[in-house]
Amino acid sequence: VAPLLEYGWGKIKNVLTAMQFERMICASGPTGGHLKRPSDGKEPVRLAFIQCVGSRDIRHKRYCSAVRCMHGTKEAILAHEHCPGLSSTIFYMDMRAVGKGFQEYVQRARDQYAVEYIRARPGRVTENEENQNPVIHYENTVSREFRAEEFDMVILSQALVFSIWLRWFPS
């Protein structure tokens, strides 16, 4: 849970985990499948996905979950299908889209679903108190620029914990 705190989870209403987000856009979920900001019920226009939360980090989980890049891309596409005017930004460390057709899927997300990919590891998320929008503070690791960008909602793609998988798929 510790890495989620630096990104405002539990303090900033419009910061969700990937599982909370997936439940929200599910037809049987708490919003009936409608994408709504938890703070005010409005439909978001700009989403951000932060990949590798708590993974690839010696303080937490050292490994890459290997599926989060594709999961984040799928969630961004689904969000756009729910709200066609929506755009998504995915903050990633390294793109791990290595399966058959995965690179094409990522390219289709860019071209057809307004998904932007920024290679960065955000340092923290704060809140614009006037509108309750999360603000992501990050360094773009390609351009080496420090920036702060405001979004309507931020989704945290946290590390998968493999002990859970072992219960479902014992050796």
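Please refer to the structure placed before this passage.
Residues numbered from 1 in each chain as written. Predicted model: local features only at pLDDT ≥ 70, side-chain atom pairs only at ≥ 80, totals over all residues. Heavy atoms only, no water.

(A) Molecular detail of the environment of Arg 46. By the secondary structure assignment, Arg 46 is in strand 2 (residues 46-53). Between the alpha carbons of Arg 46 and Gly 85 there is a distance of 9.1 Å; along the sequence they are 39 residues apart. Discounting residues that sit within four places of it in the chain, Arg 46 has contacts with Ser 87, Thr 89, Glu 149, Glu 150, Phe 151, Asp 152 and Met 153. (Helix = DSSP H or I, 4+ residues; strand = E, 2+ residues; numbered from the N terminus. Contact = heavy atoms within 4.5 Å.)

(B) The nonpolar core, seen in detail. Residues Phe 21, Leu 35, Leu 47 and Met 153 are the most contacted members of the largest nonpolar core, which totals 23 residues. Put simply, the parts of the chain that give this core at least two residues each are helix 2 (18-24), strand 2, helix 3 (68-82), strand 3 (87-92), helix 4 (102-113), strand 4 (115-119) and strand 8 (153-158). Considering each element in turn, this core owes the most residues, four residues, to helix 3. In this structure, Ile 50, Tyr 138, Phe 151 and Val 154 belong to the second largest nonpolar core, which totals 15 residues. (Core = buried A, V, L, I, M, F, W, Y, C linked by side-chain atoms within 4.5 Å. Buried < 20%, exposed > 50% of the residue type's maximum accessible area, 1.4 Å probe, protein only.)

(C) Region of the structure containing the sheet that holds strand 2. With parallel pairing, the five strands of this open sheet are ordered in space as 1-8-2-3-4. Since the sheet does not close on itself, it has two edges, and those belong to strand 1 (15-17) and strand 4, each with one partner. The mean inter-strand angle of the sheet, taken between neighbouring strand axes irrespective of direction, is 20 degrees. Where strand 1 and strand 8 come together, three bridges link them in parallel fashion. Residue pairing for strand 8: Val 15 is matched across the bridge by Val 154. (Pairing = 2+ DSSP bridges. Axes fitted to C-alpha atoms, helices over the stretch in contact; angles between N-to-C directions.)

(D) Quick look at the environment of Leu 47. Here Leu 47 is to be found in strand 2. Remark: the alpha-carbon pair of Leu 47 and Phe 151, spanning 104 residues in sequence, is separated by 5.8 Å. Setting aside its immediate chain neighbours within four residues, Leu 47 contacts Phe 21, Leu 35, Ala 79, Leu 86, Ser 87, Ser 88, Thr 89, Phe 151, Met 153 and Ile 155.

(E) Region of the structure containing the pairing of strand 3. The buried count for strand 3 comes to five of six residues, which makes it a mostly enclosed element. Inspection of the sheet shows strand 2 paired to strand 3 by five bridges, in the parallel sense. If you follow Ile 50 over to strand 3, its bridge partner there is Phe 91. The pairing of strand 3 with strand 4 spans five bridges and is parallel. Bridge pairing links Ser 88 to Val 115 in strand 4.

(F) Local environment of the packing of aromatic side chains. Following the criterion strictly, the structure yields four aromatic pairs and no others. Through pairs of rings, three or more aromatic residues link up here, namely Phe 91, Tyr 138 and Phe 151. (Phe/Tyr/Trp six-rings, centres within 6.5 Å; stacked < 30°, edge-to-face > 60°.)

(G) Inspection of the pattern of salt bridges at higher detail. All told, the structure shown has seven salt bridges when counted by the stated rule. Where Asp 152 meets Arg 37, a salt bridge forms, and the shortest distance between an N and an O atom there is 3.9 Å. Here Asp 152 is found in the loop between strand 7 (146-150) and strand 8, whereas its partner Arg 37 is found in the loop between helix 2 and strand 2, with 115 residues between them in sequence. By relative accessible area, which is 16% here, Asp 152 ends up buried. Judged by relative accessible area, which is 5%, Arg 37 ranks as buried. (Salt bridge = Lys/Arg side-chain N within 4 Å of Asp/Glu carboxyl O.)

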